[in-house]
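Chain by chain, the residues:
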Number of protein chains: 6
Amino acid sequence: MPYINIKVTKENGEPTKDQKELLIKGVTNLVSEILGRNKASTVVIIDEIDTDNYGLGGKSISEIRKV
Amino acid sequence: MPYINIKVTKENGEPTKDQKELLIKGVTNLVSEILGRNKASTVVIIDEIDTDNYGLGGKSISEIRKV
Amino acid sequence: MPYINIKVTKENGEPTKDQKELLIKGVTNLVSEILGRNKASTVVIIDEIDTDNYGLGGKSISEIRKV
Amino acid sequence: MPYINIKVTKENGEPTKDQKELLIKGVTNLVSEILGRNKASTVVIIDEIDTDNYGLGGKSISEIRKV
Amino acid sequence: MPYINIKVTKENGEPTKDQKELLIKGVTNLVSEILGRNKASTVVIIDEIDTDNYGLGGKSISEIRKV
Amino acid sequence: MPYINIKVTKENGEPTKDQKELLIKGVTNLVSEILGRNKASTVVIIDEIDTDNYGLGGKSISEIRKV
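Residues numbered from 1 in each chain as written. Chains lettered and ligands numbered in written order. Predicted model: local features only at pLDDT ≥ 70, side-chain atom pairs only at ≥ 80, totals over all residues. Heavy atoms only, no water.

Operational definition: UniProt positions are given in the numbering used here, feature names are shortened, and annotations may be inferred rather than shown by experiment.
Looking up chain A in an unreviewed UniProt entry gives the name Tautomerase, with the organism given as Campylobacter sputorum subsp. sputorum. Per its UniProt entry, chain A bears the Sequence similarities (unreviewed entry) comment "Belongs to the 4-oxalocrotonate tautomerase family."

1. As for the UniProt feature "domain: 4-oxalocrotonate tautomerase-like" (unreviewed entry) in chain A
What counts is decided by this rule: Working definition: helices are DSSP H or I runs of at least four residues, strands are E runs of at least two. Numbering for both runs from the N terminus.
With numbering aligned to this structure, UniProt lists the feature "domain: 4-oxalocrotonate tautomerase-like" (unreviewed entry) at residues 2-62 of chain A. Secondary structure within residues 2-62 of chain A divides into 34% helix and 31% strand; the distance between the first and last C-alpha atoms comes to 32 Å.

2. Describing the relation of the copies chain E and chain A
Defined as follows: The copies are overlaid by a least-squares fit using only the C-alpha atoms of residues whose pLDDT is at least 70 in both copies. In this description, contact between two residues means that some pair of their heavy atoms is separated by no more than 4.5 Å.
Between chain E and chain A, the superposition needs a rotation of 180° and an axial shift of 0.0 Å, giving an RMSD of 0.0 Å. Expressed as a symmetry operation, the mapping of one chain copy onto the other fits a two-fold axis. Scanning chain E for the C-alpha nearest the rotation axis identifies Asn 5 of chain E, at a separation of 2.6 Å. The fraction of interface residues of chain E whose copies in chain A are also interface residues reaches 100%, indicating that both copies meet through the same surface.

3. Examining the environment of Met 1 of chain C
As for its placement among the helices and strands, Met 1 of chain C is situated in the segment before strand E1 (3-9). When the C-alpha atoms of Met 1 of chain C and Thr 28 of chain C are compared, they prove to be 9.7 Å apart, with 27 residues separating the residues in sequence. When sequence neighbours within four positions are dropped, the list of residues in contact with Met 1 of chain C reads Thr 9, Glu 11, Tyr 54, Ile 61 and Arg 65 of chain B together with Arg 37, Asn 38, Ser 41 and Thr 42 of chain C.

4. Section: the confidence of the model for chain A
Atom-level detail of predicted coordinates should not be read off regions where pLDDT is low. We count it as follows: Here pLDDT means the predictor's own confidence in every residue, given as a number from 0 to 100.
Averaged over all residues, the pLDDT of chain A equals 97, while 100% of them reach at least 70. Model confidence for the complex is summarised by a pTM of 0.98, with the ipTM given as 0.97.

5. Remarks on the arrangement of the chains
A minimum C-alpha distance of 13 Å separates chain C and chain D, which share no contact. One thing to see here is that chain B and chain E don't touch, and their nearest C-alpha atoms sit 13 Å from each other.

6. A short note on the interface of chain E and chain A
Counted only if it meets this: Accessible-area loss on putting two parts together, using a 1.4 Å probe and summing over both, is the definition of buried area adopted here. We define a salt bridge as a side-chain nitrogen of Lys or Arg found within 4 Å of a carboxyl oxygen belonging to Asp or Glu.
Counting residues at the interface gives 27 residues for chain E and 27 residues for chain A. Of the roughly 2300 Å² buried between chain E and chain A on both sides combined, carbon and sulfur atoms contribute 69%. Seen at the junction of chain E and chain A, the total is two salt bridges. In this structure, Arg 37 of chain E and Glu 11 of chain A form a salt bridge, with 3.7 Å as the shortest nitrogen-oxygen distance.

7. A few points about the pattern of salt bridges
The cut-off we apply is this: Classification of residues uses two cut-offs on accessible area relative to the type maximum, computed with a 1.4 Å probe and protein chains only: under 20% is buried, over 50% is exposed, and between them is partly exposed.
Considering all chains together, one arrives at 42 salt bridges over all chains under this definition. The shortest N-O distance in the salt bridge between Glu 48 of chain D and Lys 10 of chain D comes to 3.8 Å. Here the residue Glu 48 of chain D occupies a position in strand E2 (residues 43-49), and Lys 10 of chain D occupies one in the loop between strand E1 (3-9) and helix H1 (17-35), the gap between them amounting to 38 residues. Residue class for Lys 10 of chain D comes out exposed when judged on its relative accessible area of 53%. Because the salt bridges share partners, they merge into one network encompassing Lys 10, Lys 20 and Glu 48 of chain A.

8. Topic: the UniProt feature "active site" (unreviewed entry) in chain A
As recorded in UniProt, the feature "active site" (unreviewed entry) lies at Pro 2 of chain A. Along the polypeptide, Pro 2 of chain A turns up in the segment before strand E1 (3-9).

9. Let's talk about the sheet that holds strand E4 (residues 59-60) of chain C
Put simply, the rule reads: We treat two strands as partners when DSSP finds at least two bridges between them. Angles here are taken between N-to-C directions and fall from 0 to 180 degrees, while the axes themselves are lines fitted to C-alpha atoms, restricted in helices to the stretch in contact.
Reading across the sheet, the eight strands line up as E4(A)-E3(A)-E2(D)-E1(D)-E1(F)-E2(F)-E3(C)-E4(C) and stay open at both edges, with mixed pairing between neighbours. This sheet does not close on itself; its edge strands, each paired only once, are strand E4 (59-60) of chain A together with E4 of chain C. Bridge count for strand E3 (residues 54-56) of chain C against strand E2 (residues 43-49) of chain F is three bridges, and the pairing is antiparallel. By the bridge assignment, Leu 56 of chain C is partnered in E2 of chain F with Val 43 of chain F. On top of the sheet, H1 of chain D reaches strand E3 (54-56) and E4 of chain A, E1 and E2 of chain D together with strand E1 (3-9) of chain F; it is set at about 135° to E2 of chain D, its chief contact.

10. Observations concerning H1 of chain D
To be explicit about the condition: By definition here, a helix of n residues has an expected span of 1.5 Å times n minus one.
For H1 of chain D, spanning 19 residues, the distance from its first C-alpha to its last is 27 Å, which sits close to the expected 27 Å at 1.5 Å a residue. Directly after H1 of chain D, the chain includes Gly 36 of chain D, whose backbone phi takes a positive value near 65°.

11. So, the packing of helix H1 (residues 17-35) of chain B against helix H1 (residues 17-35) of chain C
Put simply, the rule reads: Should an angle fall under 35 degrees it is called roughly parallel, over 145 degrees roughly antiparallel, and 65 to 115 degrees roughly perpendicular, with every other angle called oblique. What makes a crossing left-handed is the near helix being turned counterclockwise from the far one by less than a right angle; a clockwise turn instead makes it right-handed. Residues were grouped as follows: Ala, Val, Leu, Ile, Met, Phe, Trp, Tyr, Cys and Pro as nonpolar; Asp, Glu, Lys and Arg as charged; and all remaining residues, including Gly, as polar.
One way to put it is that H1 of chain B packs onto H1 of chain C with a least axis distance of 10 Å and a crossing angle of 160°. By the angle between their axes, H1 of chain B is roughly antiparallel relative to H1 of chain C. Here the hand of the crossing between H1 of chain B and H1 of chain C comes out right-handed. Listed contacts from H1 of chain C to Gln 19, Leu 22, Leu 23, Gly 26, Val 27, Leu 30, Val 31, Ile 34 and Leu 35 of chain B of H1 of chain B are Gln 19, Leu 22, Leu 23, Gly 26, Val 27, Leu 30, Val 31, Ile 34 and Leu 35 of chain C. A per-class count over the contact of H1 of chain B with H1 of chain C returns 14 nonpolar, four polar and no charged.

Following this line, the structure appears as structure tokens:
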């Protein structure tokens, strides 16, 4: 039954459809193994964030990547 | 004053503009009736999620819809 | 399948257990009626927020209630 | 180390890239000054919301702007 | 750099401190392996939700557990 | 009209009530100045997270603080 939200920047065509499928499957299995909760109702939502919109240490990832 | 966030997959052109207007109006009214809180400052935000990015039971909705 | 998150201040013992049950049932039904999505996998999570931690117009609800 | 999420409607080309850079820098600095936490690991994520998808007082911002 | 939020009900003393440590380590490693992103700045936040506040299919987990 | 969510660990009695009031006021003013949006309907919600539940680089803040 857990709910998991993953926010990751969209860069160079990634995450791909395959990577997202792996994330959904892998995180669902891992959380289920650790907590022993129901896998069937586990929800995973992936948000792909523009590098202009994700900041770390006061700078956007777009700015950080320029260096 | 409550804040409500609705995450729903985007499928076959839905939710439409009209459905979103109904969601905003309906959820605001319902929450206000149950809790008796201020309707004017109630915020509703709808996130439309790609079916590749919404997982249920370890599979994306894209995969689930294929079956 | 939608996911709904409701954030509401905790004030004078509210929302009560009954109000929360009504919120879960009511919002699930409403969203299902408007969007025609699967009710069984609809998730509703309610976060009860301390009035010191919820701000509106630059003041906490604790400060607003004092006036 | 704090994590900050800002949700704002996308209107008339705003927030611009420059405004987002200012938001990330400004909010990171402000939160760091008030709380004295580590700036390097502070995360800011900005979500730009369509005016059809942001509701206030039971109406979408699209509807509110029409008046 | 990804950000991951896990929402899970608090039931019978679980998740324990050990389970939460395993979740943080496991999810960080898994996401890093799949996406090849920086592990050092990966953030995981776990929210423990009261069973009265987590709804599935229109009923709280408290009600579902009674059956 | 923006909505801002701040997640910060609860450590040594901080954030205090005063720090939270400063966060709400400061972030509301800053976002309003940068974006020119309506201050009256700006919402700020602060989530205080247990150090066991906030992970950075694969370890909880509780573990990181031990070193």
